[in-house]
Amino acid sequence: MTISAKEYARRRQDLMATMGPNSIAILPAAPERTRNRDVEYPYRQNSDFWYLTGFGEPEAVMVLLPGREHGEYVLFCRERDRTMEIWNGYRAGPDGAVSDFGADDAFPINDIDEILPGLIEGRERVYYDLGHDADFDRRLMGWVNSIRERVRSGAQPPGEFVALAHHLHDMRLFKSAAEVKIMRRAASISAGAHVRAMRTVRPGMAEYQLEAEYLHEFMRHGSRSPAYPSIVGGGANGCILHYIENSQTLNDGDLVLVDAGCELENYASDITRTFPVNGTFSKPQRALYELVLASQYAAIEATHPDNHWNVPHEAVVKVLTQGLVDLGLLSGEVSELIETEAYRRFFMHRTGHWLGLDVHDVGDYRIQEQWRQLEPGMVLTVEPGLYVAPDDDTVDEQWRGIGIRIEDDVLVTKDGCEVLTHEVPKDVADIEAVMRGNG
Ligand code: GLY
Ligand code: MN
Ligand code: MN
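Model, not experiment: these values are computed from the prediction. (Residues numbered from 1 in each chain as written. Chains lettered and ligands numbered in written order. Predicted model: local features only at pLDDT ≥ 70, side-chain atom pairs only at ≥ 80, totals over all residues. Heavy atoms only, no water.)

Undergrad: What should I look at first to understand the pairing of strand β21 (residues 416-419) in this one?
TA: Strand residues, when the strand is regular, have side chains that alternate between the two faces of the sheet. Bridging between strand β20 (residues 408-413) and β21 involves four bridges; their strand directions are antiparallel. Within β21, the residue paired with T413 across the bridge is G416. Between the end of β20 and the start of β21, which pair antiparallel, lie two residues. (Pairing = 2+ DSSP bridges. Helix = DSSP H or I, 4+ residues; strand = E, 2+ residues; numbered from the N terminus.)

Structure, rendered in structure tokens:
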């Protein structure tokens, strides 16, 4: 399942090919973060760093030096340390960085002040993303300044800083066969968790108890973490877009909106389903649900390399606006309601985002002012919703407090798209059948 050493090497080569010979790329691992006192958050590697190295340890710095005779890929990392390894676990060490992670050269991270300025010196351009890690920014400026101080002795400081992310993020947008395989598996695990939740939910359960079903299912299948904090909102909590408290009781007669996806080998999945706590949609719930579903099908239909990024969103807006008029939540001319964005009272977010190592993955949505064309290998979410505020007295009472989102993960293919998360039902009859135990 994992990405091969060869693929990591190819990514570094592809990046270096765009950098040119007289340059250096510098990328630090994610810092460790304190949760409270001496407890740390579970460590998660920086996605760019992971993409280029597959190296999961903190306190590491990747350096790429195109054309360097003694090796183009240098990794600084923690040294092996018997005591530290007894307390905190295995470290690859510089020898392991070379033998197991493909580094051409590796040094102890504690020696970086002595070694890195010498690697920077004489390189004209530094590829580095400023502004993400203030401590590292400061250290890097220190190394560059130490070279500048020696210009009268012939030292050659770099003349230019260039964003590393620019080309790297474009590479990350296009998923390889190996990446798609992992993302398919992540999607399948998350789909299974949603099915499990549909089977398990009962009136009187707490939202966090339903959340526990997801976590159990994720880990049982090899995922060590959700890709983002799970959203489990019963009733009107489903209208709070980033509701992660998950502390309330799930009530008979309400819907529950669950936005939850696992992370696998650092790749995200991202699924939302909305289903009735008691197993049966009420009439108004069903009407709004089927409207969101129709818009989602329209968007998936529009996810095609013939279309640009915004076409699926435009399809959603059209279906939802027409439906809101038909149901009486909006009144007026559909074209004018779209023009004035009247639908935004009930649908206030976009239809999707890129998906990959980050849940809101990297990659440009526009190129030179134009919406980007969809291309095979891109993975995105399709996630329309409708959210009627519980105190919205401009609409009939039956609609108030209903929040619905339906979200799938979709791979753009040569002639359309593949729904990676197809294993979890979304049609009303299928959801109700699963909840009755017949699906
Ligand atoms: N789960 C985050 C999102 O749907 O964008
Ligand atoms: Mn989501
Ligand atoms: Mn999403």
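The structure having been displayed, the exposition proceeds.
Undergrad: Just to check I follow, could you spell out the coordination of the manganese ion (ligand 2) for this structure?
TA: The coordination sphere of the manganese ion (ligand 2) contains the protein donors D259 (OD), D259 (OD), D270 (OD) and E407 (OE), at a distance range of 2.0 to 2.3 Å. One way to put it: the six donor atoms around the manganese ion (ligand 2) meet at angles of 58 to 169°, and that makes the site irregular. The sequence pattern describing where the donors of the manganese ion (ligand 2) fall on their chain is D-x10-D-x136-E. Taken as a pair, the manganese ion (ligand 2) and the manganese ion (ligand 3) show a spacing of 3.3 Å, with D270 coordinating each metal. Of this pair, D270 sits in the loop between β13 (267-268) and β14 (271-276) while E407 sits in the loop between β19 (403-405) and β20, placing them 137 residues apart in sequence. (Donors = N, O, S within 2.8 Å, 3.2 Å for Na, K, Ca; no water. Tetrahedral: all angles 85-135°; square planar, octahedral: opposite > 155°, others 65-115°.)

Undergrad: Is there a simple way to think about the sheet that holds strand β5 (residues 73-77) in this case?
TA: Sheet strands associate in pairs through backbone hydrogen bonding, adopting either a parallel or an antiparallel arrangement. Sheet architecture is open: six strands sit in the order β6-β5-β4-β1-β7-β8, paired in mixed fashion. Each end of this open sheet is capped by a strand with a single partner; those strands are β6 (105-108) and β8 (160-162). Ignoring strand direction, the axes of neighbouring strands in this sheet form an average angle of 20°. Here four bridges tie strand β4 (residues 61-64) to β5, and the two strands are oriented antiparallel to one another. Bridging from a neighbouring strand, M62 pairs with L75 of β5. The sheet strands contacting helix α1 (residues 5-19) are β1 (23-28), β4, β5 and β7 (125-127), and the helix crosses β4 at an angle near 55°. (Axes fitted to C-alpha atoms, helices over the stretch in contact; angles between N-to-C directions. Contact = heavy atoms within 4.5 Å.)

Undergrad: Is there a simple way to think about the site of ligand 1 in this case?
TA: Surveying the vicinity of ligand 1 reveals the residues Y228, D259, D270, H353, H360, E383 and E407. One of the side-chain nitrogen or oxygen atoms of D259 is found 3.2 Å away from a nitrogen atom of ligand 1. For ligand 1, an oxygen atom lies 3.2 Å from a polar atom in the side chain of E407. When ligand 1 is considered free in solution it has 190 Å² of accessible area, and contact with the protein chains removes 85% of it. (Near = heavy atom within 4 Å. Polar contact = N/O pair within 3.5 Å; in protein donor to acceptor, adjacent residues only side chain to side chain. Areas by Shrake-Rupley, 256 points an atom, 1.4 Å probe, with all protein chains shown as cover.)

Undergrad: In this structure, what is going on with the coordination of the manganese ion (ligand 3)? I would like to understand it.
TA: In ideal tetrahedral geometry, four donors around a metal make angles of 109.5 degrees, whereas ideal octahedral geometry with six donors gives angles of 90 or 180 degrees. Looking at the manganese ion (ligand 3), the protein donor atoms are D270 (OD), H353 (NE2), E383 (OE) and E407 (OE), and they sit 2.0 to 2.2 Å from it. Geometry at the manganese ion (ligand 3) is irregular, judged from the six donor atoms that bind it and their angles of 50 to 155° at the metal. We note that the donor set of the manganese ion (ligand 3) lies within a single chain, spaced as D-x82-H-x29-E-x23-E.

Undergrad: Hey, could you run me through helix α4 (residues 93-101) in this one?
TA: In an α-helix, one full turn covers 3.6 residues, which means residues spaced three or four apart are oriented alike. Listed as buried for α4 are G93, P94, G96 and A97. For α4, the buried positions fall inside an angular range of 160° around the axis, keeping them on one side. Exposed residues pointing more than 90 degrees away from the buried face of α4 are listed as D95 and S99. Those residues of α4 hidden inside the fold are in contact with β5 and β6. Immediately beyond the C-terminal end of α4, within one or two residues, lies G102, with a positive phi of roughly 75°. (Buried < 20%, exposed > 50% of the residue type's maximum accessible area, 1.4 Å probe, protein only. Arc of directions from axis to C-beta.)

Undergrad: How do you make sense of the environment of I431 when you look at a structure like this?
TA: As for its position among the elements, I431 is in helix α13 (residues 428-436). Between the alpha carbons of I431 and N46 there is a distance of 37 Å; along the sequence they are 385 residues apart. Setting aside its immediate chain neighbours within four residues, I431 contacts M198, T274, F275, P276, F281, Y289, P425 and K426.

Undergrad: How should I be thinking about the packing of helix α5 (residues 112-120) against helix α6 (residues 134-148) in this particular structure?
TA: Each packed pair of helices is defined by two parameters, the angle between the axes and the distance between the axes. Contact geometry of α5 with α6 gives a least axis separation of 9 Å together with a crossing angle of 60°. Here α5 is positioned oblique relative to α6, judged by the angle of their axes. When you trace α5 past α6, the crossing you get is right-handed. For the pair α5 and α6, the contacting residues are I112, D113, L116, P117 and I120 in the first and R139, L140, W143, S146 and I147 in the second. Counted by class, the contact of α5 with α6 contains seven nonpolar, one polar and two charged residues. (Parallel < 35°, antiparallel > 145°, perpendicular 65-115°, else oblique. Left-handed = near helix turned anticlockwise from the far one by under 90°. Nonpolar A, V, L, I, M, F, W, Y, C, P; charged D, E, K, R; others polar.)

Undergrad: How should the UniProt feature "domain: Aminopeptidase P N-terminal" (unreviewed entry) in the chain be read in this particular structure?
TA: According to UniProt, the "domain: Aminopeptidase P N-terminal" (unreviewed entry) feature falls on residues 3-137. A helix fraction of 38% and a strand fraction of 20% characterise residues 3-137, whose end C-alpha atoms lie 30 Å from each other. (UniProt positions renumbered as here; feature names shortened; annotations may be inferred.)

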